[in-house]
Amino acid sequence: MKKQAAAASGKARSLGADAWYRFKKNRLAVISLIFLCLMIVIAFSTFIIDWATDSSFYDAKVIAQDLRRRLEPPSWEHPFGLDEFGRDMLLRIIWGARYSLFMGMAAVFGATLLGGFLGAISGYYKTADGIIMRVMDILLAVPTILLATAIVAAFGTSKVNLIMAILISQTPTFARVVRASVLTVKEQEYIEAAKAMGASDMHIIIKYIIPNSLSPLIVQCTMSVASAILSIASLSFIGLGIQAPMPEWGAMLSNARTYIRDSWHITVIPGAAIMVTILMLNIIGDGLRDALDPRLKN
Amino acid sequence: MIKYIVKRLLLLIPVLIGVTFFVFTILSLAPYDPVTVILGDGATEEAMENMREELGLNDPLLVRYVNYIWDLLHGDFGKSYKTRLPVADQILSRFPNTILLASCSMVIAIVLGIPLGILSAKKQYSLLDNVATVGGLISVSMPNFWLGLLLVILFALKLRWLPSQGMGEDPVSLIKSLILPSITLGTGIMASVMRMTRSSVLETMRQDYISTARSKGIAESRVTVRHMLKNALIPIITISALQFGHLLGGSMLTETVFSWPGVGRYMLDAIKTKDTPAIMGSVILMSVSFSIMNLLADILYAFVDPRIKSQYQTKKKNKQKKSPAEDGGKEATA
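Let me begin by describing the structure that accompanies this report. (Residues numbered from 1 in each chain as written. Chains lettered and ligands numbered in written order. Predicted model: local features only at pLDDT ≥ 70, side-chain atom pairs only at ≥ 80, totals over all residues.)

## Considerations on the interface of chain B and chain A
Much of the literature gives interface size as the accessible area that the parts lose upon coming together. The interface of chain B with chain A comprises 35 residues on the first partner and 32 residues on the second. Ranked by residue count, the leading element in the side of chain B that touches chain A is helix α1 (residues 2-29) of chain B, at eight residues. For the side of chain B that touches chain A, a count of residues per class yields 27 nonpolar, seven polar and one charged. (Contact = placed C-beta atoms within 7 Å. Helix = DSSP H or I, 4+ residues; strand = E, 2+ residues; numbered from the N terminus. Nonpolar A, V, L, I, M, F, W, Y, C, P; charged D, E, K, R; others polar.)

In structure tokens:
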């Protein structure tokens with residue numbers, strides 16, 4: 001496959017560079033990627049602002065209430081309007097991005113490591129396969145949101161518990177993805193060659209199997225961050241995630257429900273923030289899949 | 001075939017045991033005492049101790065779990081901690097509402113999703129295809145509780161066409177109250193059905209037998225339905241069945257947004273009050289409906305695809321010859 005693509009473009013390229021070349025041609029995906037990176041930078045800068053001002057900016061602008069100006073619709077001064085306690089919605093959305101983005105990424109990162117490890121082992125060793133995959137099947141039979149809800153309901157609504165809950169519910173998906181690609185990679189001739197040369201199992205897994213099963217994993221990661229963000233927002237919406245007054249998008253929507261008769265913007269804006277974030281991740285995920293899937297190479 | 005179904009149903013048992021044990025353990029680990037919920041804050045220490053003994057809460061986790069399963073095998077799902085009513089009755093009285101909502105959402109999703117998917121595959125890169133693709137991507141990315149809120153703002157509060165909450169009693173108001181929640185749940189599923197149909201039809205479109213069918217002079221509509229769609233149906237069935245299974249378990253968020261009296265909202269209330277028997281009952285309903293839908297999808301495959309059907313019939317033969325024979329058999333029937 002690699003050879004074909006290189007021959008088609010007339011010059012040798014690594015698989016990664018080759019995929020990047022194809023990804024770049026997908027304009028929508030590139031725009032989404034740039035936008036997402038921008039969002040991550042902005043969300044990260046809120047930590048710096050909090051650190052530099054010792055949270056006084058956060059307390060004064062994002063948390064402090066001004067009831068005289070509650071539910072003020074969008075204006076030049078406040079482009080996203082003011083919420084039910086007279087707080088600037090734009091700032092709350094920006095400060096809320098860090099929950100969705102970083103907590104979602106943390107959960108997916110953990111799930112990738114754990115699920116990837118379990119999947120690699122059960123794909124490579126037949127004896128472990130049965131037990132691990134049965135446990136994963138059981139976890140898969142419980143819908144993500146329910147599993148996360150049960151964990152949060154039992155252990156309380158802290159940020160760590162929320163991340164753990166989503167991490168555990170995402171793990172089986174990763175285990176399956178990695179197992180499936182390990183099973184195909186395992187049969188390849190270069191693995192046999194490595195074995196013939198006396199390579200240890202660990203060496204084969206780390207050096208050959210993991211790099212060669214990376215592409216489905218990368219795509220799954222992108223998609224999973226999107227669903228993790230959705231889970232965080234959903235759990236916060238039903239009151240089991242991040243709690244008010246913290247500016248989490250789902251929690252903001254949950255509060256907005258009470259004022260749905262009085263004002264539309266406090267409902268529309270946090271949801272739109274969630275949607276745009278997930279949409280970008282989905283577009284990037286689709287783009288990556290097309291770029292990494294060797295079957296789509298021309 | 002029947003043997004296969006029975007085998008699959010038997011395989012449900014370990015999954016159910018696993019799921020119930022997992023959730024039971026998590027709930028038992030909670031640093032929290034259900035007796036205070038039942039008796040309220042003013043109860044005496046003695047009454048609380050008696051209640052604990054009555055509910056068997058003083059037993060170790062494993063004993064309690066085995067007792068629970070034992071009662072379950074006798075058809076007893078236990079009583080809700082909060083209402084002291086049998087969980088099975090409460091869930092069964094709400095289940096029809098969830099089935100109704102789930103079916104309406106599925107109808108919307110399939111009736112719109114499959115034709116749209118076929119159209120955008122057949123006219124790939126046309127305006128329609130681009131609009132459908134972008135629209136589908138947006139719908140998949142939308143949190144459906146937010147879509148529900150938007151629909152409420154537009155159709156219930158601004159235009160005042162439809163009710164925003166609850167479930168109507170008489171047929172007309174029932175249909176009216178069904179519209180918004182069904183659209184809310186149906187949109188996301190429609191989008192995934194459409195995306196799946198599109199990619200699946202695009203794949204079958206390039207097969208040789210489609211050119212053969214066309215060159216034989218079969219009408220294009222017949223080629224589309226009999227040759228393309230039928231061959232593209234397997235992944236569409238999979239995704240529809242999975243989504244329907246999810247819906248049948250109740251959707252906590254949408255049912256909450258619309259105050260729909262279904263099992264999803266029941267479960268959410270149970271989770272919020274940490275009502276273990278009620279949560280367990282809902283979890284069992286969820287996993288059973290999900291697994292049964294999965295099984296139904298696998299059975300449907302056989303009806304759609306004769307190649308898969310023949311696998312069931314020749315399974316015994318293949319088993320003796322091991323897997324290479326099975327592959328060979330598959331190709332031969334194909």
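Read on for the rest.
## Describing the nonpolar core
Judged by nonpolar contacts, the single largest core of 140 residues is most densely connected at Leu147(A), Ile166(A), Ile229(A), Ile232(A), Val193(B) and Ile279(B). Residue contributions to this core peak at 14 residues, all from helix α13 (residues 265-292) of chain A. When residues are assigned to domains, this core turns out to be shared by domain 1 (2-73) and domain 2 (88-307) of chain B, each giving three or more. Excluding residues within four positions of it along the chain, Ile229(A) makes contact with Ser100(A), Gly104(A), Ile274(A), Thr277(A) and Ile278(A). Listed in part, the five residues of the second largest apolar core include Val62(A), Trp95(A), Ala97(A) and Leu101(A). (Core = buried A, V, L, I, M, F, W, Y, C linked by C-beta atoms within 7 Å. Buried ≥ 20, exposed ≤ 12 C-beta atoms within 10 Å, placed from the backbone. Domains from an automatic or database assignment.)

## Considerations on the packing of α13(A) against helix α7 (residues 144-158) of chain B
One way to put it is that α13(A) packs onto α7(B) with a least axis distance of 10 Å and a crossing angle of 150 degrees. The angle between α13(A) and α7(B) places the two elements in the roughly antiparallel class. Crossing geometry of α13(A) relative to α7(B) is assigned as left-handed. Residue-level inspection shows Thr267(A), Val268(A), Gly271(A) and Ile274(A) of α13(A) in contact with α7(B), the latter providing Trp146(B), Leu149(B), Leu150(B) and Ile153(B). Grouping the amino acids of the contact of α13(A) with α7(B) by side-chain chemistry returns six nonpolar, two polar and no charged. (Axes fitted to C-alpha atoms, helices over the stretch in contact; angles between N-to-C directions. Parallel < 35°, antiparallel > 145°, perpendicular 65-115°, else oblique. Left-handed = near helix turned anticlockwise from the far one by under 90°.)

## Topic: the packing of helix α8 (residues 171-205) of chain B against helix α10 (residues 220-248) of chain B
All names here are of chain B. Between α8 and α10, whose axes approach to 8 Å, the crossing angle comes to 155 degrees. It follows from the interaxial angle that α8 and α10 lie roughly antiparallel. In this structure, the crossing between α8 and α10 has a hand that is right-handed. Contacts between α8 and α10 pair Leu185, Ile189, Ser192, Val193, Met196, Thr197, Ser200, Val201, Thr204 and Met205 from the former with Met228, Leu229, Asn231, Ala232, Pro235, Ile236, Ile239, Ser240, Gln243 and Leu247 from the latter. For the contact of α8 with α10, a count of residues per class yields 13 nonpolar, seven polar and no charged.

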